[in-house]
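Understanding the architecture of this molecule
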Amino acid sequence: MSTLQEITSESEFSTHISSLAPSTVLVLYFHTPWAAPCTQMRTILSTLAAGYPVTSPPTTSFISINAEELPDVSEEYDVTAVPFVVLVKNKELLESISGSDAIKVRDAIERHAGQPSSSSGTPAGAKSTIPPVLNATPRDSGASGAATENPVDSSAAAATTTPQESKEALFARLAELVKAAPVMLFMKGSPSSPQCGFSRQLVAILRENGVKYGFFNILADEDVRQGLKEFAEWPTFPQLWVQGELVGGLDIVKEEIEADPDFLKAYAVQQPSAA
Ligand SMILES: N[C@@H](CCC(=O)N[C@@H](CS)C(=O)NCC(=O)O)C(=O)O
């Protein structure tokens, strides 16, 4: 899967630009280390990047640039504030997005780079018009078929978490995280290695329903683990979020499916696995 790559010099940037194929959509992410909203945007972009498989030529290239360290590049793209995202194709500017509107960024990338998987699209019956952006990077692939899981970059999120992070900043980060994918699972461990039986069961349910989802390992970030309990007013994990709204934990998801067996089918991108 693609990653968000940090570029630290003007020459590295020029070399990178020249190496791209005309069809590759270059996503430039300008940030500064001191701007808190950049943390959230980094998480969003890392997650989006992970949805695009590495192909030849690459469909996308996600680049991260410290706007202050590379002033010439920043000037070239009229970066006036951070976070600032610029989409470029064949050396031509496609679109610039200033600020930390995750949905705008997601939407722009998908419009220009396309959906990462041919099977994706707005699922019939989806609750909102927001397209299911984060795409399938089959991970736990096996004979029974892969579920489509995308990790939210917990290391990027964790790296900026300091003991001083205010509740306001944490909640702002969580508000973005829960929208990082149309379906987000906050769990203990990862889908391929759940660290708790409840999380394991919920992963199995999502897989059985062929649901495409992003996940966040709360064991990797104690602030998210504790903060999300308060933010969500829900004391335990797993937590399933759909379109930025909390559905609930394992028991609630089971109840919802019992009441409406098609409850999760709107988010399916593939034939449900028989597992
Ligand atoms: N009945 C709950 C079970 C979940 C649960 O009890 N989780 C516990 C143990 S894994 C938990 O998250 N505790 C809080 C914590 O570990 O921070 C559900 O439906 O999701």
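Cut-off values and rules
Residues numbered from 1 in each chain as written. Predicted model: local features only at pLDDT ≥ 70, side-chain atom pairs only at ≥ 80, totals over all residues. Heavy atoms only, no water. UniProt positions renumbered as here; feature names shortened; annotations may be inferred. Helix = DSSP H or I, 4+ residues; strand = E, 2+ residues; numbered from the N terminus. Buried < 20%, exposed > 50% of the residue type's maximum accessible area, 1.4 Å probe, protein only. Contact = heavy atoms within 4.5 Å. Pairing = 2+ DSSP bridges. Axes fitted to C-alpha atoms, helices over the stretch in contact; angles between N-to-C directions. Patch = residues over 30% accessible without salt bridge, like charges linked within 9 Å, V, L, I, M, F, W, Y side chains within 5 Å. Areas by Shrake-Rupley, 256 points an atom, 1.4 Å probe, with all protein chains shown as cover. Salt bridge = Lys/Arg side-chain N within 4 Å of Asp/Glu carboxyl O. Lys, Arg positive; Asp, Glu negative; His and termini not counted. Charge placed at Lys NZ, Arg CZ, Asp CG, Glu CD. Near = heavy atom within 4 Å. Polar contact = N/O pair within 3.5 Å; in protein donor to acceptor, adjacent residues only side chain to side chain.

As stated in UniProt under Function (unreviewed entry), the record for the chain gives "Monothiol glutaredoxin involved in the biogenesis of iron-sulfur clusters. Binds one iron-sulfur cluster per dimer. The iron-sulfur cluster is bound between subunits, and is complexed by a bound glutathione and a cysteine residue from each subunit." Taken directly from UniProt, the Sequence similarities (unreviewed entry) text for the chain runs: "Belongs to the glutaredoxin family. Monothiol subfamily."

**Section: the environment of Leu206**
When you line up the elements, Leu206 lands in helix H7 (residues 197–208). Assessed through its relative accessible area of 0%, Leu206 is described here as buried. Setting aside chain neighbours within four positions, we find Leu206 in contact with Leu185, Val211, Tyr213, Leu240 and Leu264.

**Examining the sheet that holds strand E4 (residues 84–89)**
Reading across from one edge, E1-E3-E2-E4-E5 is the order of the five strands in this open sheet, with mixed pairing throughout. Each edge of the sheet is formed by a strand with only one pairing partner; in this case those strands are strand E1 (4–7) and strand E5 (92–98). Ignoring which end each strand starts from, the neighbouring axes of this sheet average 25 degrees apart. As paired strands, E4 and E5 are joined by six bridges and run antiparallel to one another. Within E5, the position partnered with Val86 by the bridge is Ser96. Taken strand by strand, helix H1 (residues 10–19) contacts E1, strand E2 (25–31) and strand E3 (60–66), and its axis lies near 135 degrees from that of E1.

**With respect to a negative patch on the surface**
Together, Asp251, Glu255, Glu256, Glu258, Asp260 and Asp262 line one region of the surface with negative charge. By the secondary structure assignment, Glu255 is in helix H9 (residues 250–259).

**Description of the environment of Ala220**
With respect to the element layout, Ala220 can be found in the loop between strand E10 (212–217) and helix H8 (222–232). Along the primary structure Ala220 and Lys188 are separated by 32 residues, whereas in three dimensions their C-alpha atoms are 8.6 Å apart.

**Section: the pairing of E10**
Looking along a regular strand, one sees side chains alternate from face to face of the sheet. Buried residues dominate E10, accounting for five of its six residues. As judged from the four bridges shared by strand E7 (residues 183–187) and E10, these two strands associate in the parallel manner. Along E10, the bridge assignment pairs Met187 with Asn217.

**Observations regarding the site of the ligand**
Near the ligand, the surroundings consist of Lys188, Cys196, Phe198, Arg225, Lys229, Pro235, Thr236, Phe237, Pro238, Gly249, Leu250 and Asp251. At a separation of 2.9 Å, an oxygen atom of the ligand approaches a polar backbone atom of Leu250. In this structure, Asp251 approaches the ligand through a main-chain N or O atom, which is 2.8 Å from an oxygen atom. Relative to its unbound accessible surface of 500 Å², the ligand loses 75% to contact with the protein. Of all the secondary-structure elements, those providing two or more residues to the shell around the ligand are H8 and H9.

**Topic: the pairing of strand E11 (residues 239–242)**
Side chains of E11 alternate between two faces, with Gln239 and Trp241 and Leu240 and Val242 buried alike. Alignment of E11 against strand E12 (residues 245–248), held across three bridges, turns out to be antiparallel. Pairing of Trp241 across the sheet is with Leu246, part of E12. In textbook terms, the turn of a hairpin is the stretch between consecutive antiparallel strands, and for E11 and E12 this stretch comprises two residues, one of which, Gln243, has a positive phi near 50 degrees.

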